[in-house]
Structure formats: structure tokens, C-alpha cells
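Architecture and fold: a report
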Amino acid sequence: METQVAELKQKIEDTLCPFGFEVYPFQVAWYNALLPPAFHLPLPGPTLAFLVLSTPAMFDRALKPFLQSCHLRPLTDPVDQCVAYHLSRVRKNLPELQMEVIADYEVHPNRRPKILAQTAAHVAGAAYYYQRKDVEADPWGNQHISGVCIHPQYGGWFAIRGVMLLPGIEVPDLPPIKPLDCVPTRADRITLLEGFNFHWRDWTYRDAVTPQERYSEEQKAYFSTPPAQRLALLGLAQPSEDPSSASSELPFTAIPPKKPQNPSRARGWLSPKVSPPESPGP
């Protein structure tokens, strides 16, 4: 890895990794090469970017402390606002860099996703993006089958959070890193894609590989509980729903959260972040 990239990666990791995040560098060109022009990132190909994902540890290290700090204020989307806070810390700690952050759920006015998160994860070498085309003579006929990323260490027990673009920093010699094909057989890929598409509520597709770490039972319970009851589950007071009692500016929120336009995002943490259409991906 280029010295400049390694140094920037280390600085970003110093801010994010203690809170359960991972970062992976990639070139914009690698991403754009796999997508039609409508989905391209409008930057020179050698531009440096970093993919950001959250591991199971993020719940205890980042989200719970964030909720405890903000529990007396209404939060429209605590997870996204927590992630936004931590990404804003990267900007604060690296003020000399021009940086554009695109969260996985952000969309253009025409509702086209700003980033196809799973494609970005694949080209960054973070997680292998398994799609229908990866199954020879697939058995699904006319059924729509969404793809899913699998991490070599966490299986499906992680979430892609977005990308950090660094306009003006070009790394033409950055060597690409292929994601590890950790579900190599046709039978296992069928099981994975069927589990993700038809049985995602039972969590089992996430164990497509034996993970080093899974979501804790508390974490699973939190994300399986209706949003209005989640703070009570953690023993925190419910925020007031009276708009007049809320501050005009939420604490720790540097990037305004946007309600997801993506149908699969309605599953919340019960499925990884999927930004359709992902079909043009790798």
C-alpha cells in the first residue's frame, strides 16, 4: 500500500476503530468501472476513497454511549446519527483534508442512491458481494434475488455505513485487493442467497461463514424491538415527543440524517445495507 494511503488509513482508523468500525481504501475508478454512468462517482478515477463498515462491537462501543448521551432528546434515526457523529470526528481530526462523506442511505433528488454500498465494499476488498450471477444455473426462475455481502471475519454480522471521498488526493499506483471468496461452492451460495432473500428474519444467513464475532443477544433484541420501545429495553428514559421541548439542534449530529428511500433499509439491522439497484455491480 502506498505510504500516503497507509498513513491516512491509520489516522482514520485511530478515530474510528476504537468504536467498532473498519476502513478500507479504494480507487474511485474501481467502483465506476463496474457500474453504468448514472451511478458513477463524479471524480477522477485515481481519487482515493475509504469504505467504512461497522462490526458487532459498534453497538457497545459507539451506539450505546451515544444513546446514553442523547436519550433525553428525540432522535429520528439513532444508528445513522451515531455513525454521522463518528464520521464527523474524522473530519474534525483531519481538518487539512477535503473530504466528502456519503452515507449508505443517501439518495439524489430522483431517489437514485448516491452510493451502491455493496459494490463499494467489494471493490475495496472488505466483503465479497454475492449475487445471482455467481450461481451457475440458478434455481430461481423469475424470482427477484437480491445480492448480499459476506465479510470473511464477521460473515453477515456487520453493516456497510458509507464512503469517505478525498477529492484532490489521487493514488494511481494503489494496488487493488480482491475480497476473499469465503462462500465458494454453488450449494452454499444458493443457501446464502435464499436465506438472505426469504428468511432474513431468522439471522441464519449471517452465518454463511463461521464468524469471529456475532451481534450480542442484547444487540439482536434491540434491533428486533419496535423503535419506540428500544430505549426502554436499555433502561433509558423515553424522549419527549413534544417538538417544543426539543432542541433545534441535536447533539453530536454533524451530517443531517435522511430517512431511507430504500425498501431493504426498512428491515433495519435485520439485513445488511442494500442500495438497489446493485445488479450492475461486480
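Cut-off values and rules
Residues numbered from 1 in each chain as written. Predicted model: local features only at pLDDT ≥ 70, side-chain atom pairs only at ≥ 80, totals over all residues. Heavy atoms only, no water. UniProt positions renumbered as here; feature names shortened; annotations may be inferred. Helix = DSSP H or I, 4+ residues; strand = E, 2+ residues; numbered from the N terminus. Buried < 20%, exposed > 50% of the residue type's maximum accessible area, 1.4 Å probe, protein only. Contact = heavy atoms within 4.5 Å. Areas by Shrake-Rupley, 256 points an atom, 1.4 Å probe, with all protein chains shown as cover. Axes fitted to C-alpha atoms, helices over the stretch in contact; angles between N-to-C directions. Parallel < 35°, antiparallel > 145°, perpendicular 65-115°, else oblique. Left-handed = near helix turned anticlockwise from the far one by under 90°. Pairing = 2+ DSSP bridges. Phe/Tyr/Trp six-rings, centres within 6.5 Å; stacked < 30°, edge-to-face > 60°. Lys NZ or Arg CZ within 6 Å of the ring centre and 35° of its normal. Polar contact = N/O pair within 3.5 Å; in protein donor to acceptor, adjacent residues only side chain to side chain. Salt bridge = Lys/Arg side-chain N within 4 Å of Asp/Glu carboxyl O. Core = buried A, V, L, I, M, F, W, Y, C linked by side-chain atoms within 4.5 Å.

Per an unreviewed UniProt entry, the chain is named Cyanocobalamin reductase / alkylcobalamin dealkylase, and its organism is Crocuta crocuta. The UniProt entry for the chain carries this comment under Sequence similarities (unreviewed entry): "Belongs to the MMACHC family." The UniProt entry for the chain carries the following comment under Subcellular location (unreviewed entry): "Cytoplasm".

What follows concerns the overall build of the chain. Looking only at helices and strands, the chain has eight helices and six strands in total. When the elements of the chain are put in sequence order from the N terminus, they spell out α-β-α-β-α-α-β-α-β-β-β-α-α-α. Buried positions account for 53% of the 282 residues belonging to the chain. Contacts in the chain between residues at least 24 apart in sequence constitute 78% of all its contacts with a sequence separation of at least 6. As displayed, the chain offers around 12,900 Å² of accessible surface, 53% of which is attributable to carbon and sulfur atoms.

Attention now moves to the packing of helix H3 (residues 58-70) against helix H7 (residues 217-224). H7 packs onto H3 with a crossing angle of 50° between their chain directions and a minimal axis gap of 12 Å. Of the possible angle classes, the one that applies to H3 and H7 is oblique. Every pair of crossing elements has a handedness; the one defined by H3 and H7 is left-handed. Contacts between H3 and H7 involve Phe59, Asp60, Leu63, Lys64 and Leu67 from the first element and Glu218, Gln219, Tyr222 and Phe223 from the second.

With that settled, consider the pairing of strand S2 (residues 47-54). In terms of burial, S2 is largely enclosed, as eight of its eight residues are buried. The alternating pattern of S2 places Thr47, Ala49, Leu51 and Leu53 on one face and Leu48, Phe50, Val52 and Ser54 on the opposite face, and all of these are buried. For strand S1 (residues 21-27) and S2, the ladder comprises seven bridges, and the chain directions are antiparallel. Bridge pairing links Pro25 to Phe50 in S2. When S2 meets strand S6 (residues 159-170), the two strands line up antiparallel, connected through eight bridges. Across the sheet, Leu48 pairs through a bridge with Leu166, a residue of S6.

Turning our attention to the packing of aromatic side chains. Two measures describe an aromatic ring pair: the distance that separates the ring centres and the angle between the ring planes. Tallying each qualifying case throughout the model produces nine aromatic pairs. With 5.2 Å between their ring centres and 70° between their planes, Phe196 and Tyr205 make a pair best called edge-to-face. On the basis of an interplanar angle of 90° and a centroid distance of 4.8 Å, the ring pair of Tyr222 and Phe223 is categorised as edge-to-face. Grouping residues by exposure puts Tyr222 and Phe223 together as buried. Through a chain of ring-to-ring contacts, three or more aromatic side chains come together here, namely Phe59, Tyr222 and Phe223. Taking the ring centre of Trp203 as reference, the NZ or CZ of Lys220 above it sits at 5.4 Å. Over the ring of Tyr222 we find Arg230; its NZ or CZ atom is 5.2 Å from the centre of that ring.

Here the focus is unusual backbone geometry. Positive phi outside glycine occurs at Arg111, with the angle close to 75°. You can see Arg111 is positioned in the loop between strand S3 (100-103) and helix H5 (117-123).

Looking now at the side chain of Asp134. As for its placement among the helices and strands, Asp134 is situated in the loop between strand S4 (128-130) and strand S5 (148-150). Overall, Asp134 belongs to the buried group, its relative accessible area being 17%. Within the local environment of Asp134, its side chain forms a polar contact with the backbone nitrogen of Gln131, the two atoms lying 2.8 Å apart. Ignoring any residue separated from it by four or fewer positions in sequence, one finds Asp134 in contact with Tyr128, Tyr129 and Arg189.

Under the defined criterion, the tally for this structure stands at nine salt bridges. Here Arg214 ties to Asp207 by a salt bridge, and the two come within 2.9 Å at their closest N and O atoms. Note on Arg214: relative accessible area 44%, which makes it partly exposed. For Asp207, a relative accessible area of 32% translates into the label partly exposed. Through salt bridges that share partners, Asp60, Lys64 and Glu218 make up one connected network.

The next subject is the nonpolar core. Judged by nonpolar contacts, the single largest core of 64 residues is most densely connected at Phe26, Tyr31, Leu48, Leu51, Leu63 and Met164. With seven residues, H3 is the largest single contributor of residues to this core. Once residues lying within four places of it in the same chain are set aside, the contact partners of Leu63 are Met58, Pro78, Val79, Cys82, Tyr222 and Phe223. Of all hydrophobic cores here, the second largest spans 16 residues; its members include Tyr130, Cys182, Val183 and Ile190.

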